[in-house]
Amino acid sequence: MHEIFFSILAYVGLFIEMIGFGIIVVSVIKSFYKLAFEMKFDLVKSHKDISLSTGLSVALEFFLAAEIIKTITLRDQSELIYIGVLIMIRILMTLVIHWELKQKEREEKLEEKE
C-alpha cells in the first residue's frame, strides 16, 4: 500500500510539472505572437508587456507545488538537500518575477497619470 501511494504521488508530481511546462510554452508563444504581429518587434512596447512574466510566475508556482509533493517521497537525506535547494531557488525566482510585475504595474500607472 505504501509503495502504491508513492507511485501515485510520483505521477501526480510529474503531471503538475507538465502543467507548469505547458504554461511556459503557451506564455512564450503568446508573447512572441504579440511581439511579432501586434508590436512589430518594437522593443520599447514589448518592455511594457507583462504576459510572459505573469505566465512564468504561475508556472513557477506549479513547479514549486510539484517539488513539495516530491519531498513526501524522499528516500534519503541527500535528496532532501537537493529538493530544498531547488525549492529555495524557485522561491527566489518567484519573488523576483513578482517584484518585476509590480514595478511594471507602477510604471503603467505613472504613465496613465501623465
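In the block above lies the structure referred to throughout.
All figures in this text were calculated on a predicted structure; none of them were measured in a lab.

### Points about a nonpolar patch on the surface
Residues Tyr11, Leu14, Phe15 and Met18 make up a contiguous nonpolar surface patch of roughly 480 Å² in combined accessible area. Among the structural elements, Phe15 can be located in helix α1 (residues 2–38). Overall, Phe15 belongs to the partly exposed group, its relative accessible area being 49%.

### Quick look at the packing of aromatic side chains
Taken as a whole and judged by the stated rule, the model has three aromatic pairs. Ring geometry for Phe5 versus Phe6: centroids 6.3 Å apart, planes at 35 degrees, classification tilted. Relative accessible area serves as the criterion here: at 45%, Phe5 is assigned to the partly exposed category. Consider the rings of Tyr33 and Phe37, whose centres lie 5.0 Å apart with planes at 45 degrees: the pair is tilted. Residue Tyr33 and its partner Phe37 are both found in helix α1; the two are separated by four residues, about one turn of the helix. Given a relative accessible area of 45%, Tyr33 falls into the partly exposed group.

### A word on unusual backbone geometry
One non-glycine residue with positive phi stands out, namely Lys40, at about 50 degrees. We classify Lys40 as exposed; its relative accessible area is 63%.

### Here we look at a positive patch on the surface
On the surface, Lys102, Arg106, Lys109 and Lys113 cluster together into a patch of positive charge. Residue position: Lys109 is located in helix α4 (residues 77–113).

### Some words on α4
The end-to-end C-alpha separation of α4 is 54 Å, in line with the 54 Å expected for 37 residues at 1.5 Å each. Among the residues of α4, those classed as buried are Ile83, Leu86, Ile87, Arg90, Thr94, Ile97, Leu101 and Lys104.

### Describing the pattern of salt bridges
Should their charged atoms come close, side chains of opposite charge can pair. With the rule as written, the count across this model stands at three salt bridges. Between Glu17 and Lys70 there is a salt bridge whose closest N-O contact spans 2.7 Å. Of this pair, Glu17 sits in helix α1 while Lys70 is found in helix α3 (residues 51–72), placing the two residues 53 residues apart along the sequence. The exposure class assigned to Glu17 is buried, which follows from its relative accessible area of 18%. A salt bridge links Glu67 to Lys70, with the nearest nitrogen and oxygen atoms 3.8 Å apart. Highlighted residues: Glu67 and Lys70, both in helix α3, separated by three residues, approximately one helical turn. Take Lys70: its relative accessible area is 30%, and that puts it in the partly exposed class. Among the charged side chains, a salt-bridge network with shared partners connects Glu17, Glu67, Lys70 and Arg90.

Criteria and cut-off values
- Residues numbered from 1 in each chain as written.
- Predicted model: local features only at pLDDT ≥ 70, side-chain atom pairs only at ≥ 80, totals over all residues.
- Heavy atoms only, no water.
- Patch = residues over 30% accessible without salt bridge, like charges linked within 9 Å, V, L, I, M, F, W, Y side chains within 5 Å.
- Areas by Shrake-Rupley, 256 points an atom, 1.4 Å probe, with all protein chains shown as cover.
- Salt bridge = Lys/Arg side-chain N within 4 Å of Asp/Glu carboxyl O.
- Helix = DSSP H or I, 4+ residues; strand = E, 2+ residues; numbered from the N terminus.
- Buried < 20%, exposed > 50% of the residue type's maximum accessible area, 1.4 Å probe, protein only.
- Phe/Tyr/Trp six-rings, centres within 6.5 Å; stacked < 30°, edge-to-face > 60°.
- Lys, Arg positive; Asp, Glu negative; His and termini not counted.
- Charge placed at Lys NZ, Arg CZ, Asp CG, Glu CD.
- Expected span 1.5 Å × (residues − 1).

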